[in-house]
Amino acid sequence: MGAVLVFDGDCGFCTKCIEIVRRHMRIRARITPWQSADLAGLGVTRERAQYELLWICERGVYGGAQAVAKLLIDAGPPWSLLGLTLRLPPMRWAAHALYRLVADNRYRLPGAGSACALPPERLHSDE
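Model, not experiment: these values are computed from the prediction.

**Section: the overall build of the chain**
Secondary structure summary: the chain contains 6 helices and 4 strands in total. Starting at the N terminus, the α and β elements of the chain follow one another as β-α-β-α-α-β-β-α-α-α. Taking all 127 residues of the chain together, the buried fraction comes to 42%. For the chain, the share of sequence-separated contacts (at least 6 apart) that also reach a separation of at least 24 residues comes to 55%. Accessible area for the chain stands at about 7400 Å²; split by element, carbon and sulfur atoms hold 59% of it.

Here it is, written out as structure tokens:
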């Protein structure tokens, strides 16, 4: 199985980010919104797919900032250097904090709509 990048297709901000990835990066992964993905077949829950970007590959499931890192690594140079950096402490911790800040506030960002709001009980989860 090749890698799959799963994002929130109902979120304008997320969709805009994916458009940028498609336009400027050459990744080999299949990109799909969670709304049309076989989540059970991919080994993830709907709750997790709603909560964060997911990179799913033969080595496992990576979420949030680590999914972004995997995407950047897959894109090759010069992106891969940034992706590798995001996998190492302390950048890994900073990337996680920044990802959660953006994800928790994505409904306030340009291009976002009401579908971008996370369910309230998930806003402060540290999954």
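There's more to say after this.
**With respect to the pattern of salt bridges**
Summed over the entire model, instances satisfying the criterion amount to 5 salt bridges. In this structure, R106 and D8 form a salt bridge, with 3.3 Å as the shortest nitrogen-oxygen distance. Highlighted residues: R106 in the segment after α6 (91-104) and D8 in the loop between β1 (4-7) and α1 (12-24), separated in sequence by 98 residues. Using a relative accessible area of 7% as the deciding quantity, one classes R106 as buried. By relative accessible area, which is 7% here, D8 ends up buried. Between R48 and E52 there is a salt bridge, and its shortest N-O distance comes to 2.7 Å. For R48, a relative accessible area of 23% translates into the label partly exposed.

**Comments concerning the packing of aromatic side chains**
Aromatic ring pairs are defined here through the distance separating the ring centres and the angle between the ring planes. Taken as a whole and judged by the stated rule, the model has 0 aromatic pairs. The lysine or arginine in question, K70, covers the ring of Y62, its NZ or CZ lying 4.5 Å from the ring centre.

**Some remarks on the environment of I27**
Turning to its location among the elements, I27 is positioned in the loop between α1 and β2 (30-33). C-alpha separation for the pair I27 and L72, spaced 45 residues apart in sequence, amounts to 8.3 Å. For I27, the contacting residues outside a window of four places in its chain are L5, V21, L71, D74 and A75.

**Section: the packing of helix α4 (residues 65-74) against α6**
Running from N to C, α4 and α6 cross one another at 115°; their axes reach a closest spacing of 8 Å. Compared by their axis directions, α4 and α6 come out roughly perpendicular. Each of A65, Q66 and V68 in α4 lies in contact with α6, whose residues at this interface are R92, A95, H96 and Y99. For the contact of α4 with α6, the class distribution of residues is 4 nonpolar, 2 polar and 1 charged.

**Description of the confidence of the model for the chain**
Summing up the model confidence of the chain, the mean pLDDT is 89 and the portion of residues at 70 or higher is 87%. Across residues 120-127, confidence stays below pLDDT 50; counting only partners more than four residues off in sequence or on other chains, it has 9 contacts.

Cut-offs applied
Residues numbered from 1 in each chain as written. Predicted model: local features only at pLDDT ≥ 70, side-chain atom pairs only at ≥ 80, totals over all residues. Heavy atoms only, no water. Helix = DSSP H or I, 4+ residues; strand = E, 2+ residues; numbered from the N terminus. Buried < 20%, exposed > 50% of the residue type's maximum accessible area, 1.4 Å probe, protein only. Contact = heavy atoms within 4.5 Å. Areas by Shrake-Rupley, 256 points an atom, 1.4 Å probe, with all protein chains shown as cover. Salt bridge = Lys/Arg side-chain N within 4 Å of Asp/Glu carboxyl O. Phe/Tyr/Trp six-rings, centres within 6.5 Å; stacked < 30°, edge-to-face > 60°. Lys NZ or Arg CZ within 6 Å of the ring centre and 35° of its normal. Axes fitted to C-alpha atoms, helices over the stretch in contact; angles between N-to-C directions. Parallel < 35°, antiparallel > 145°, perpendicular 65-115°, else oblique. Nonpolar A, V, L, I, M, F, W, Y, C, P; charged D, E, K, R; others polar. pLDDT = per-residue confidence, 0-100.

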